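An overview of the molecular structure
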Amino acid sequence: MTEFYKVTGEKMSRYQKIRNVLLTVIVTLALQCTFEVCLGGYVDSNLVNGLNKLCGAFTVLDYTDLLTAAAVFVMLKEVKKREAKTDVATLVLSVILSFLLIVCISFKKYDSAIFLWGNSFQILLSTFCVLGFAVLLYLVLRLVYFGLEHVELPAEQGKKHLQMVGFFVIAFSWLFWILLNYPGTTSGDGLVQLKQFLGEQDWGAAHPPFSSAIMGICFVLGRTIADANFGFFLYCLLQTLVGAYAFSLSMKKLQELGISWKWCAVGILFFALTPFWGTYAQWFEKDLLYAEMTVLQAVYLMSVLKKKECGGKDAAGLIVFSVLSCLLRNNGIYAIVPALLLLAIYLKGKERRKAFLVLLATVVIYELITVVGYRALIDVGKPAASEGLSVPFQQTARYVCEYEDEVTEYERQVINDTLNFDAMKNYEPRISDPIKILYRGGDLGPYMKIWVQMFFKHPGCYVAAFVNKGYGYLAPVEQNIEAWIQLEYPEYAQEQGIHHTFPIQTSEFLLQIWFLSMRLPLIKYLCTPGLYTWILVVLAFFLWKKKRYSALILLVPSFINVLVCLASPMSNAIRYELPTVAVIPLLVGWTVYSIHTTSRQTGEE
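Overview of the structure.

Scoring rules and cut-offs
Residues numbered from 1 in each chain as written. Predicted model: local features only at pLDDT ≥ 70, side-chain atom pairs only at ≥ 80, totals over all residues. Heavy atoms only, no water. Helix = DSSP H or I, 4+ residues; strand = E, 2+ residues; numbered from the N terminus. Rg over C-alpha atoms; globule rule 2.2 N^0.38 Å. Buried < 20%, exposed > 50% of the residue type's maximum accessible area, 1.4 Å probe, protein only. Contact = heavy atoms within 4.5 Å. Areas by Shrake-Rupley, 256 points an atom, 1.4 Å probe, with all protein chains shown as cover. Lys, Arg positive; Asp, Glu negative; His and termini not counted. Charge placed at Lys NZ, Arg CZ, Asp CG, Glu CD. Axes fitted to C-alpha atoms, helices over the stretch in contact; angles between N-to-C directions. Parallel < 35°, antiparallel > 145°, perpendicular 65-115°, else oblique. Left-handed = near helix turned anticlockwise from the far one by under 90°. Nonpolar A, V, L, I, M, F, W, Y, C, P; charged D, E, K, R; others polar. 1 Å grid on protein atoms, 1.4 Å probe; cavity = no way out; pocket = protein on both sides within 12 Å on 5 of 7 lines; lining within 4 Å. Points joined across faces, edges and corners; volume = space filled by probe spheres on them. Expected span 1.5 Å × (residues − 1). Arc of directions from axis to C-beta. Polar contact = N/O pair within 3.5 Å; in protein donor to acceptor, adjacent residues only side chain to side chain. Phe/Tyr/Trp six-rings, centres within 6.5 Å; stacked < 30°, edge-to-face > 60°. Lys NZ or Arg CZ within 6 Å of the ring centre and 35° of its normal. Disulfide = S-S within 2.5 Å. Salt bridge = Lys/Arg side-chain N within 4 Å of Asp/Glu carboxyl O.

Considering the overall build of the protein
Helices and strands together make up the secondary structure of the protein, namely 28 helices and zero strands. Against the compact-globule benchmark of 25 Å for 605 residues, the protein has a radius of gyration of 27 Å, which places it among compact chains. By its C-alpha atoms, the protein is 90 × 70 × 55 Å across when sized along the principal axes. Residue burial in the protein is summarised as follows: out of 605 residues, 52% are buried. For the protein, the share of sequence-separated contacts (at least 6 apart) that also reach a separation of at least 24 residues comes to 78%. In the structure as shown, the protein presents an accessible area of about 27900 Å², 66% of it carried by carbon and sulfur atoms. Counting 51 positive and 47 negative side-chain charges, the protein places the centres of these two groups 13 Å from one another.

Structure representation (structure tokens):
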């Protein structure tokens, strides 16, 4: 009998080795795929034609495949050591993310799903790629999960003065960008907001007046003290100092939870040295300041969740930064209110009543400022209905472009009354502005009815339009910082007296770093919006596996932010996802803490 088990053990060992080798080959080939649609060129022979397609399906020369194969083989062995059987939940998540990745790659390259099912060969190739990436993702997720389980939270607080050191490291790193490109870079939206504050353009609801007021006050104050350049710089300095404080504070709060100071230091370096943060610091735009407020709001929300108490200081901080988050971005209210509502539901007794008061105070103050205050001081009006209709408008435009011959006269008339039917040919799959600006106003009822009816005729067209306008947020497939380095100011900025102080070569130097940060291996992923979406999903998955449901409340605003991104005008802009990007280091630490906290401590039964 002993000999039998020895033989069986040897056979199992051989089987495992063969399996590992096979899976290694699959993953390596998937990673070396060119993601090209292969048509072949030998119609007289299916075998030769198939081989010809394979030749175009993979990269010709790439030495990284050797390192990839070795790494995958080692990962397979390590995962097998730590688990007796496959974790089904992780496998399902891996397959979903893998499929999503291949779909988004196809839409990035071809604005369609042709890579997945363009022909029988493409179906086989895309299935192979989904399998390969699913295996790789499963291995990575399991190893990360094992690593999180074995993290030890130190009893001591670690390095002292972490926040102070972090503040100066972040502030000086960002000032490097601002001063070399002094006074900073203008943006279209930023200049519109400045014009509104200076009375040169009517106030509009598209940009939050509170944000415009901050930008305008900084500009006027600086211009009064020195010149227009200094006024422009003053706003950049403000968001730099606020950001250095907010981000260093978030790392300090993690340290107080018992998270290693080393991780906190990594978080500080992420904010200080990742190039896109420096480019946003020197960008005259509203997005960075909004992201900073959301981080401060998350800090106080985390404190309440940890203590399960809504004390005076935490309640005040939660109200202040919740209101500021709502005022600095029109969609901020939709991210903040659900999280506060869930917090109130989660807490018990008098703490629940306090949390409801925080929610009520936030909503009331926001409404008083935006409804009563704005109407009394300025004529803002309501946001255009088209601001929230990028997705349906894009779907209608794609439908018209692909199935114009199936559009009925009534449908044509309704679309024309709402958007201008003939201009549907201006449809751009990755940005909704060319269609959104066609909105004529008026009653949307008839349009929404035919929008639903047309969906049932060609649902695939609607899905394709949605993915095409959001693939950059759904998977890590494309980089887009957007906060550029300006070499020449637009005419309006020059009229205000804004000009470069240093030789243009300094700005060109920064511009090249800006380009490199989206091209260099490893670094380029840091400015990939979809990466942070995936990190957020994985963190939520880990908390769910550990049944730390209450800890998920802290992730709610970030998930809503991703949904806002999917409804936004662009397919891949990291500036729309900046609040999620900014809070990710905090959420990682929070997840580690929550995983290592007992059920009683997290309030789970």
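Overview of the packing of helix H3 (residues 64-82) against helix H6 (residues 120-149)
Remark: H3 packs on H6, axes separated minimally by 10 Å, with the N-to-C direction vectors making an angle of 50°. One way to sum up the angle between H3 and H6 is to call them oblique. Judged by the twist between their axes, the crossing of H3 over H6 is left-handed. In this structure, H3 contributes Val 72, Met 75, Leu 76, Glu 78, Val 79 and Arg 82 to the contact, and H6 contributes Leu 136, Tyr 138, Leu 139, Val 140, Arg 142, Leu 143 and Phe 146. The residue inventory of the contact of H3 with H6, partitioned by class, reads 10 nonpolar, no polar and three charged.

Looking at unusual backbone geometry
Across the junction of Tyr 182 and Pro 183, the peptide omega takes the value 10°, indicating a cis bond. For Pro 183, the location among the structural elements is in the loop between helix H7 (162-180) and helix H8 (188-197). Although it is not a glycine, Phe 35 adopts a positive phi angle of roughly 55°. Relative to the assigned elements, Phe 35 resides in the loop between helix H1 (2-31) and helix H2 (46-57). Non-glycine residue Glu 482 carries a positive phi angle of around 75°.

Here we look at the environment of Pro 446
When you line up the elements, Pro 446 lands in helix H20 (residues 445-457). Placed 32 residues apart in sequence, Pro 446 and Val 414 show a C-alpha to C-alpha distance of 6.7 Å.

Let's talk about empty space enclosed by the protein
The final tally for this structure, using the stated rule, is four cavities of 30 Å³ or more. If you add up the space inside the largest cavity, you get close to 120 Å³. The set of elements that each furnish at least two residues to the lining of the largest cavity consists of helix H13 (287-307), helix H15 (332-346), helix H26 (556-566) and helix H27 (578-595). By residue number, the principal contributor to the lining of the largest cavity is H13, which donates five residues. Counted by class, the lining of the largest cavity contains nine nonpolar, five polar and no charged residues.

Points about H20
Under the 1.5 Å per step criterion, the end-to-end length of H20 is 19 Å for 13 residues, consistent within 8% with the ideal 18 Å. Those residues of H20 not exposed but buried are Tyr 447, Ile 450 and Met 454. Take H20 and look down its axis: the buried residues cluster within an arc of 70°, on one side only. Among the exposed residues of H20, those oriented more than 90 degrees off its buried face are Lys 449 and Phe 456. Contacts from the buried residues of H20 go to helix H17 (390-403), helix H18 (409-418) and helix H21 (459-468).

A few points about the environment of Ala 567
With respect to the helices and strands, Ala 567 occurs in the loop between H26 and H27. You can call Ala 567 partly exposed: its relative accessible area is 31%. In sequence terms Ala 567 and Gly 388 are 179 residues apart; their C-alpha atoms lie 6.9 Å from each other. When neighbours within four sequence positions are excluded, Ala 567 is seen to be in contact with Ser 390, Val 391 and Lys 469.

Digging into the packing of H17 against H21
Between H17 and H21, the least distance of the axes is 8 Å, while the angle of their chain directions is 125°. In terms of orientation, H17 lies oblique with respect to H21. Along this stretch, H17 crosses H21, giving a crossing that reads as right-handed. Across the interface between the two elements, Val 391, Gln 394, Gln 395, Arg 398, Tyr 399, Glu 402 and Tyr 403 of H17 pack against Cys 461, Tyr 462, Ala 464, Ala 465, Phe 466 and Asn 468 of H21.

Quick look at the side chain of Ser 126
Structurally, Ser 126 can be placed in helix H6. At 3.1 Å, the side chain of Ser 126 forms a polar contact with the backbone oxygen of Ile 123. Not counting residues up to four positions away in its chain, the partners in contact with Ser 126 are Ile 102, Phe 115 and Leu 116.

A look at the packing of aromatic side chains
Following the criterion strictly, the structure yields 33 aromatic pairs and no others. Between the aromatic rings of Phe 541 and Phe 542, the centroid separation amounts to 6.1 Å while the plane-to-plane angle is 50°, which identifies the pairing as tilted. With relative accessibility at 10%, the residue Phe 541 sits in the buried group. Accessibility expressed as a relative area gives 2% for Phe 542, which makes it buried. Aromatic rings pair up to connect Trp 174, Phe 247, Phe 270, Phe 271, Phe 276, Trp 277 and Tyr 532 into one cluster. Note that Lys 195 overlies the ring of Tyr 492, its terminal NZ or CZ placed 4.7 Å from the centroid. For the cation-ring pair, Lys 545 lies above Tyr 145, with the distance from its terminal atom to the ring centre recorded as 5.5 Å.

Comments concerning the state of the cysteines
Across all of its chains, the model carries zero disulfides by this definition. Distance from the sulfur of Cys 129, which forms no disulfide, to the nearest cysteine sulfur (Cys 33) is 3.7 Å. Here Cys 310 stays unpaired: no disulfide links it, and the sulfur of Cys 326, its closest cysteine neighbor, is 16 Å away.

Side note on the pattern of salt bridges
This structure, assessed with the given rule, holds 22 salt bridges. Its salt-bridge partner being Lys 545, residue Asp 87 comes within 3.0 Å of it at the nearest N-O pair. Placement of Asp 87 in the loop between H3 and helix H4 (88-110) and of Lys 545 in helix H25 (residues 529-545) is noted, with a sequence separation of 458 residues between them. Exposure remark for Asp 87: the relative accessible area of 16% places this residue in the buried category. We note a salt bridge from Glu 402 to Arg 398, for which the minimum N-O separation is 3.2 Å. Of this pair, Glu 402 and Arg 398 both sit in helix H17, separated by four residues, roughly a single helical turn. Residue classification places Glu 402 among the partly exposed positions, given a relative accessible area of 40%.

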